[in-house]
Amino acid sequence: MNTVAAAQTFDETSLRGFVAHEAALLDERRFDEWLDLFADDGRYWVPLLGRMQQDPHSHNSLAYEDKLLLQVRIERLKDPRAHSQHPPSHCQHVLQAATIERIDVDAGTAMLRTPFLYVEARGEQQLMLAGSYQHTLVRTADGLRIRQKRVDLLGAERALPAVQLFI
């Protein structure tokens, strides 16, 4: 692939815009549209040990979910009988500028790291978490898709209250 084609495949503005759009969909509770951003083999991973954890198989994780499990969680969130959503949870993602860590033009992938603050509110309670995302994006016929969204929480090893939505 020539450099002009490579630049068109992964321009920094569209990569960073994708990550911001993904967070906005969650903030707006547009979960089905959010799920559509995942590749068929996409994963959502929240390592129990944060950045120290090398893979999801050698240690427990707070979450390691494929598209099917994400769909099940979304259906639960949308169910009017879901006790945990009375009143409904809302979230706000505050993102710093994403850093592009790697682009592999031959594999059609890009990896970005984005520091974040996450606030989840339900009723009078509010939870704030901080950390960094590592998005592995893949170019598909339908555009960019998430192959893996890794959520490395700051102080992940501490006890956390129940998080209802997607960090």
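Predicted, not measured: the structure shown is a model, and the values here were computed from it.

Focus on the pairing of strand S5 (residues 109-122)
For S5, the tally of buried residues reaches 10 of 14 residues, placing the bulk of the element in the interior. Here strand S3 (residues 90-95) pairs with S5 via 6 bridges, running antiparallel. Across the sheet, residue Val94 finds its bridge partner in S5, namely Leu117. Direction of pairing for strand S4 (residues 99-104) relative to S5: antiparallel, over a ladder of 5 bridges. Residue pairing across strands places Asp104 opposite Thr109, the latter belonging to S5. From the end of S4 to the start of S5, which pair antiparallel, there are 4 residues, and Gly108 there has a positive phi angle of about 70 degrees. Both S5 and strand S6 (residues 125-140) contribute to a ladder of 14 bridges, which runs antiparallel. From the neighbouring strand, Thr109 faces S6, where its bridge partner is Val138.

As for the confidence of the model for the protein chain
Confidence along the protein chain averages 91 in pLDDT terms, with 95% of residues attaining 70 or more. When pLDDT is averaged over each helix and strand of the protein chain, the minimum, 45, is found for helix H1 (residues 3-9) and the maximum, 98, for helix H3 (residues 31-36). Counted against residues more than four places away or in other chains, residues 1-8, with its pLDDT under 50, gives 5 contacts.

Procedures and definitions
- Residues numbered from 1 in each chain as written.
- Predicted model: local features only at pLDDT ≥ 70, side-chain atom pairs only at ≥ 80, totals over all residues.
- Heavy atoms only, no water.
- Buried < 20%, exposed > 50% of the residue type's maximum accessible area, 1.4 Å probe, protein only.
- Helix = DSSP H or I, 4+ residues; strand = E, 2+ residues; numbered from the N terminus.
- Pairing = 2+ DSSP bridges.
- pLDDT = per-residue confidence, 0-100.
- Contact = heavy atoms within 4.5 Å.

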